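Working through the structure, step by step
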Amino acid sequence: MTFSTMLSTMSAGMIKTALIFVLTLVGSLPLGMVVALLRKSKFAPVRGIIKGYISIMRGTPLMLQLLVWYFGPYYLFGWNIGNWRFPAIITGFVLNYAAYFAEIYRGGIESIPKGQYEAAEVLGYTKFQTFMRIILPQVAKIIMPSVTNEVITLVKDTSLAFTLAYQEVFSLAKQISASQTSFMPFVIAGVFYFVANYLVEVVMARIEKSMDYYK
Amino acid sequence: MILEMKNIRKHFDGLEVLEDISFSVDSGEVVSIIGPSGSGKSTLLRCATFLETIDGGEIIYMGETAAHTGADGVAVYASPQELKHFRSYCGLVFQQFNLFPHYSILKNLIDAPMHVQGVSREEAEETAMGLLKKMGIEDKANAYPYQLSGGQQQRVAIARAMAMKPEILFFDEPTSALDPELTGEVLKVIRQLAEEKMTMVVVTHEMPFAKAVSNRVIFMDGGVIVEQGDPRDVFDDPKEERTKQFLRVFER
């Protein structure tokens, strides 16, 4: 197999990797905010459930969680859902990353001084306006470095989808390497992850810079 | 009468912070509240501006009751909708300024008028620029809070409160976070507002200022009003032993 065939075979995997990456972010970034707000709920049972959820998501390997999402419905409930592989992967990733993002958001929200809420309250802003106009923009700036970290980890974590035999870059690299007895697929995969994360760094740095106008 | 507070009671974790406090503020009046730390001054302001809820007593703005003691002795507040209306009567200037750091100075002044009161941008900007000019910082309109000195930030905070056109303005130790040099510029602005007959209640440790500017001084200690009256009487000829003792610290 020539280098260019390898590359073109693997490019299909790159698209699948990118798909996991994008869908996970689209799902987990907003879901994380919902989780963070529920985590701060005044209703204790809700707080308890959310704490438990976060604890499990952070306390067990993502690889194991993916297996549970894929095989769980059948082994636990006897359900036979056709074509469940990709949805199981996305479910696993989104729920796992939402837990991490939730904790980052919570840290950011809790670091905003009480005076900001009080100033907004006295000025007559509603709770929703206070959150959207005063709190959230400041939280976004504070949490950006942690979010960047998490996004970079996600790029690399997409390779865990190989557990469910999903044909993303890493799975393909392993297969091609085995069948062609070549090391090259791993080099290609490595370069791919590195370039992807370099792009993430550039984009995130730009976003951080756009919020540099205040301290 | 702009504000009447009657028999206000408030406690935190079993500690009585306000015990049966009553006072009122007339239109155009400047009232200074002095007293040692922990005497309940700030809590009183926070109750008046609805940041804290009272346990019992009455809060009346412009003759309308915002809170009163119910049949069971517990304070009953007006509906959230009505409270929004009551909030529009009062402005509060904090010790720590609490400007919105992500907004420019101008945006700090126009955001609430536009999004809370529904004022048009043109009108809000006109009001804001007028206020900034009055505060002597119109050249800072496009700056951000972190670029300003503490004294300038506090003047912005006063302008932000004024931009809502409140009936009464409360100051919670407005100069306590400032060094002496910057204190003067903030006091000058408050003095100027007093001359324009703005109704104000100022919690302060600046005794010469309180004496010079206020129409009335309230001395609080241990959650009660120990003495109140004309500043000359309270400062130069206090009746109560506790007042004398407190004021002695400031002479020297």
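As shown above, the structure is provided for reference.
Figured I'd write up the structure that's included with this text. (Residues numbered from 1 in each chain as written. Chains lettered and ligands numbered in written order. Predicted model: local features only at pLDDT ≥ 70, side-chain atom pairs only at ≥ 80, totals over all residues. Heavy atoms only, no water.)

Our next topic: the interface of chain A and chain B. Every contact between the two is made by 20 residues of chain A and, on the other side, 24 residues of chain B. For the pair chain A and chain B, the two sides together bury roughly 2100 Å², of which 59% comes from carbon and sulfur. Looking only at chain A, the three residues that lose the most surface to chain B are Val122(A), Leu123(A) and Arg133(A), adding up to 31% of its buried area. Counting the contacts that link chain A with chain B gives three salt bridges. A salt bridge links Arg87(B) to Glu121(A); the nearest nitrogen and oxygen atoms lie 3.2 Å apart. At the junction of chain A and chain B, the tally comes to twelve residue pairs in polar contact (both at pLDDT 80 or more). Looking at the side of chain A that touches chain B, the elements that each hand over two or more residues are α5 (114-123) and α6 (127-157) of chain A. Here the side of chain A that touches chain B takes nine residues from α5(A), the largest share from any one element. Residue composition of the side of chain A that touches chain B, grouped by class: nine nonpolar, six polar and five charged. (Contact = heavy atoms within 4.5 Å. Buried area = accessible area lost by both parts, 1.4 Å probe. Salt bridge = Lys/Arg side-chain N within 4 Å of Asp/Glu carboxyl O. Polar contact = N/O pair within 3.5 Å; in protein donor to acceptor, adjacent residues only side chain to side chain. Helix = DSSP H or I, 4+ residues; strand = E, 2+ residues; numbered from the N terminus. Nonpolar A, V, L, I, M, F, W, Y, C, P; charged D, E, K, R; others polar.)

Moving on, we come to the state of the cysteines. Enumeration according to the criterion identifies zero disulfides over all chains in this entry. With no disulfide of its own, Cys47(B) lies closest to Cys90(B) among cysteine sulfurs, the gap being 12 Å. (Disulfide = S-S within 2.5 Å.)

Before going further, it helps to spend a moment on the pattern of salt bridges. Residues and elements named next belong to chain B. Under the defined criterion, the tally for this structure stands at 22 salt bridges over all chains. Measuring nitrogen to oxygen at the nearest pair gives 2.9 Å for the salt bridge that ties Arg 216 to Glu 29. You can see Arg 216 sitting in strand β10 (residues 216-221) and its partner Glu 29 sitting in the loop between β2 (15-25) and β3 (30-34), a full 187 residues away along the chain. For the pair formed by Arg 216 and Glu 29, the shared burial category is buried. (Buried < 20%, exposed > 50% of the residue type's maximum accessible area, 1.4 Å probe, protein only.)

Before going further, it helps to examine the packing of aromatic side chains. Residue and element names in this part refer to chain A. A complete count under the given rule lists 23 aromatic pairs over all chains for this structure. Summarising the aromatic geometry, the rings of Phe 101 and Tyr 105 are spaced 6.3 Å apart at their centres and angled 20 degrees between planes, so their arrangement reads as stacked. Of this pair, Phe 101 and Tyr 105 are both found in helix α4 (residues 85-110), four residues apart, which corresponds to roughly one turn of the helix. Neither Phe 101 nor Tyr 105 differs from the other in exposure class; each is buried. Ring centres 6.2 Å apart and planes at 65 degrees place the aromatic pair Phe 183 and Phe 186 in the edge-to-face group. A residue is classified by how much of its surface remains accessible, and Phe 186, at 31% relative accessible area, is partly exposed. Here the aromatic cluster, defined as three or more aromatic residues joined through ring pairs, consists of Phe 93, Tyr 97, Tyr 100, Phe 101 and Tyr 105. For Lys 16, the ring lying beneath its charged end belongs to Tyr 166, and the centroid distance is 5.4 Å. Its end group placed over the ring of Tyr 214, Lys 141 keeps NZ or CZ at 4.7 Å from the ring centre. (Phe/Tyr/Trp six-rings, centres within 6.5 Å; stacked < 30°, edge-to-face > 60°. Lys NZ or Arg CZ within 6 Å of the ring centre and 35° of its normal.)

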